[in-house]
Amino acid sequence: MATTRLTQKDMTEAEQRELKTLLDRARIAHGRTLTNAETNQVKKEYIDKLMAQREAAAKKARKLKKEQAYKPDAEATFSWSANTSTRGRR
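Residues numbered from 1 in each chain as written. Predicted model: local features only at pLDDT ≥ 70, side-chain atom pairs only at ≥ 80, totals over all residues. Heavy atoms only, no water.

### Section: the confidence of the model for the protein
Stated precisely, the cut-off is as follows: Values of pLDDT, which run from 0 to 100, indicate the predictor's confidence residue by residue. Comment: elements are numbered from the N terminus, with helices defined as DSSP H or I runs of at least four residues and strands as E runs of at least two.
Residue-level pLDDT values for the protein average 87, and 83% of them are 70 or greater. Highest mean pLDDT in the protein belongs to helix α1 (residues 13-30) (96); lowest belongs to helix α3 (residues 80-83) (65).

Structural data, given as structure tokens:
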């Protein structure tokens, strides 16, 4: 079950701002404007980190949903009178 790659359009505003901040920090660290390869590398690393976080959150949610799922009582016996109409069949 491979998920599709996250794009900037799919990111929330906060995530987009964080990406812009990372790009600005990298630009300042290099002391010049970044090349396309450097920009893409920073974006790829950030997107990989985001996808890992989202996958971990989804996995945790799936586990919680599975734990909270309805489980029938194994010790209960089937009661015909509870499952049939009192008025009978028409």
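### Section: the pattern of salt bridges
Between side chains of opposite charge, a pair can form when the charged atoms approach closely. Quick reminder of the rule: Salt bridge criterion: a side-chain nitrogen from Lys or Arg within 4 Å of a carboxyl oxygen from Asp or Glu. For every residue, the accessible area obtained with a 1.4 Å probe (protein chains only) is divided by the maximum for its type, and the residue is called buried under 20%, exposed over 50%, and partly exposed between those limits.
Applying the stated criterion across every chain yields a total of eight salt bridges. For the salt bridge of Arg 5 with Asp 48, the shortest nitrogen-to-oxygen distance reads 2.7 Å. Here Asp 48 lies in helix α2 (residues 36-67) and Arg 5 lies in the segment before α1, a separation of 43 residues in the sequence. The class for Asp 48 is partly exposed, based on a relative accessible area of 32%. Arg 62 is the partner of Glu 55 in a salt bridge, and the nearest nitrogen-oxygen pair spans 3.2 Å. Overall, the relative accessible area of 34% leaves Glu 55 in the partly exposed class. Residue classification places Arg 62 among the partly exposed residues on the basis of a relative accessible area of 42%.

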